[in-house]
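Close look at the chain arrangement
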Amino acid sequence: MKKKKKAKLTGFAGLSFIISAAAYIASSSYLKSYNLQLEKEMRMLEDRIAYLQKYNTSVYYQVAELSDYERMRTLSEDTGVNPHIYSMIAITPEKSD
């Protein structure tokens, strides 16, 4: 009777080990592929952030150029508008770092 009990216990332990090993291999390969997917997405987001920062800098300088007082004064004189200082409002963007 003891031999049958020992054989059942050994068989159960072996089956448990095989199931655990298969679960480990499956979860390990899934997590590796998921990690690669997240890394790819992170690189795409970092590229997008870099592009948007570059674009924002470009827009900042365009706004600064367009709101330059001398440019507005020249345009007002060319179009016949009174270039009085109080009739022009320059909007300067605040650059956040």
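Since we're looking at a predicted model, the values are computed, not measured. (Residues numbered from 1 in each chain as written. Predicted model: local features only at pLDDT ≥ 70, side-chain atom pairs only at ≥ 80, totals over all residues. Heavy atoms only, no water.)

A look at the overall build of the protein
To keep it simple, the criterion reads: Only DSSP runs of H or I reaching four residues or more are called helices, and only runs of E reaching two or more are called strands; each is numbered from the N terminus. Each residue's exposure class comes from its accessible area (1.4 Å probe, protein chains only) as a fraction of the maximum for that residue type: buried when under 20%, exposed when over 50%, partly exposed otherwise. Areas reported here follow the Shrake-Rupley algorithm with a probe of radius 1.4 Å; residue values treat only the protein chains shown as occluding.
Helix and strand counts for the protein stand at two helices and zero strands. A buried classification covers 4% of the 97 residues belonging to the protein. Total accessible area on the protein stands at roughly 9200 Å², and carbon and sulfur atoms take up 63% of it.

Re the packing of aromatic side chains
Here the distance between the centres and the angle between the planes together describe a pair of aromatic rings. The cut-off we apply is this: Note on ring pairs: Phe, Tyr and Trp rings are taken, using the six-membered ring of Trp, and paired if centres are within 6.5 Å. Classes follow the plane angle, with under 30 degrees stacked, over 60 edge-to-face and the rest tilted.
The tally for this structure, following the rule as stated, stands at three aromatic pairs. Here the aromatic rings of Tyr60 and Tyr61 are separated by 5.4 Å at their centres, their planes lie at 75 degrees, and the arrangement is edge-to-face.

Here we look at a nonpolar patch on the surface
This is how the line gets drawn: The residues that make up patches have over 30% relative accessible area and no salt bridge, and they are joined within 9 Å when like-charged or within 5 Å when they are Val, Leu, Ile, Met, Phe, Trp or Tyr. Every case where a carboxyl oxygen of Asp or Glu lies within 4 Å of a side-chain nitrogen of Lys or Arg is listed as a salt bridge.
A contiguous nonpolar patch, built from Tyr30, Leu31, Tyr34 and Leu38 and spanning about 410 Å² of accessible area, is present on the exposed surface. Tracing the backbone through its elements, the reader meets Tyr30 in helix α1 (residues 2–66).

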